[in-house]
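# Commentary on secondary and tertiary structure
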Amino acid sequence: MLPARSQILMPVRASTIMGSFALALFLNFLPWPDMRVVPDFVALVLAFWCVRQPRLVGIGIGWMIGLVADAGNGVLLGQHALAYSLLAFLAIWLSRRILWFGAALQTLHVALLLLVCQGAALLVRLAAGDSFPGWAILVGPLVGALLWPAVTWLLLRPQRRAEREQAI
């Protein structure tokens, strides 16, 4: 069996990308007990696709998914759109660097991206007059970064070729 880094991947299907965003939105819309400590699944999936497929998923997709997240969560319209656009920009900008590293260092990069995204949304809420939610808000992005290897494995699974095709 070839290591994961040397496997040849099939082209990604648009249905895989849309399905992953739909699942991430569903997970974000669930009524979690404390939203501050739950990772932002949409931000995590957006970071993955911007790193892996920057020509297909970019800032515009981040903006549109952010507007859907704002409308679905019933929050200030534009806060997630701004945060996800910033996240998409940074993920595309750092994509070649992130892919160069192994899973542990990728996780650190993604933690920084998710913290910046959370910080942008927090600044918009604070500017609109909301109160500071506490330092527990930093837990969600860190948990999301810890999920990065699992999300990478899961979202690359449809693109992997069978082992017999690899040997040819």
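Residues numbered from 1 in each chain as written. Predicted model: local features only at pLDDT ≥ 70, side-chain atom pairs only at ≥ 80, totals over all residues. Heavy atoms only, no water.

All right, on to the overall build of the chain then. Scanning the chain from terminus to terminus reveals nine helices and zero strands. Listing each helix as α and each strand as β along the chain from the N terminus yields α-α-α-α-α-α-α-α-α. At 16 Å, the chain has a C-alpha radius of gyration in line with the 15 Å of a compact globule built from 168 residues. A principal-axis box enclosing the C-alpha atoms of the chain has dimensions of 60 × 30 × 30 Å. Across the 168 residues in the chain, those meeting the buried criterion constitute 41%. Look at the contacts in the chain between residues 6 or more apart in sequence, and 70% of them connect residues 24 or more apart. Just so you have it, the chain exposes about 9,600 Å², and 70% of that area is on carbon and sulfur atoms. Across the chain, 12 positive and 6 negative side-chain charges occur, with their mean positions spaced 13 Å apart. (Helix = DSSP H or I, 4+ residues; strand = E, 2+ residues; numbered from the N terminus. Rg over C-alpha atoms; globule rule 2.2 N^0.38 Å. Buried < 20%, exposed > 50% of the residue type's maximum accessible area, 1.4 Å probe, protein only. Contact = heavy atoms within 4.5 Å. Areas by Shrake-Rupley, 256 points an atom, 1.4 Å probe, with all protein chains shown as cover. Lys, Arg positive; Asp, Glu negative; His and termini not counted. Charge placed at Lys NZ, Arg CZ, Asp CG, Glu CD.)

Here we come to the nonpolar core. Phe-21, Leu-46, Trp-49, Val-57, Tyr-84, Leu-87 and Leu-113 are the most contacted members of the largest nonpolar core, which totals 38 residues. Elements with a contribution of two residues or more to this core: helix H1 (14-29), helix H2 (41-52), helix H3 (59-73), helix H4 (79-93), helix H6 (103-127) and helix H8 (148-156). No other element matches H2, which puts eleven residues into this core. The residues touching Leu-113, leaving out its near neighbours within four places in the chain, are Leu-87, Leu-90, Ala-91, Leu-94 and Ile-98. (Core = buried A, V, L, I, M, F, W, Y, C linked by side-chain atoms within 4.5 Å.)

Position of Ser-95 relative to the elements: it lies in helix H5 (residues 95-100). Within the local environment of Ser-95, its side chain forms a polar contact with the backbone oxygen of Ile-92, the two atoms lying 3.0 Å apart. Dropping the residues within four chain positions of it, Ser-95 is found in contact with Cys-50 and Val-51. (Polar contact = N/O pair within 3.5 Å; in protein donor to acceptor, adjacent residues only side chain to side chain.)

Turning our attention to H1. For H1, spanning 16 residues, the distance from its first C-alpha to its last is 23 Å, which sits close to the expected 22 Å at 1.5 Å a residue. What H1 keeps buried is the set Thr-16, Ile-17, Ser-20, Phe-21, Ala-24, Leu-25 and Asn-28. For H1, the buried positions fall inside an angular range of 170° around the axis, keeping them on one side. Facing away from the buried side of H1 by over 90 degrees, the exposed positions are Met-18 and Phe-26. (Expected span 1.5 Å × (residues − 1). Arc of directions from axis to C-beta.)

Looking now at H3. For H3, with 15 residues, the first-to-last C-alpha span of 21 Å sits near the 21 Å given by 1.5 Å per residue. Among all positions of H3, only Gly-62, Ile-65, Gly-66, Ala-69 and Asp-70 are buried. Here the buried residues of H3 occupy an arc of 145° about the axis, which is enough to place them on one side. Buried residues along H3 sit in contact with H1, H2 and H4. Of the residues one or two after H3, Gly-74 is the one with positive phi, at around 70°.

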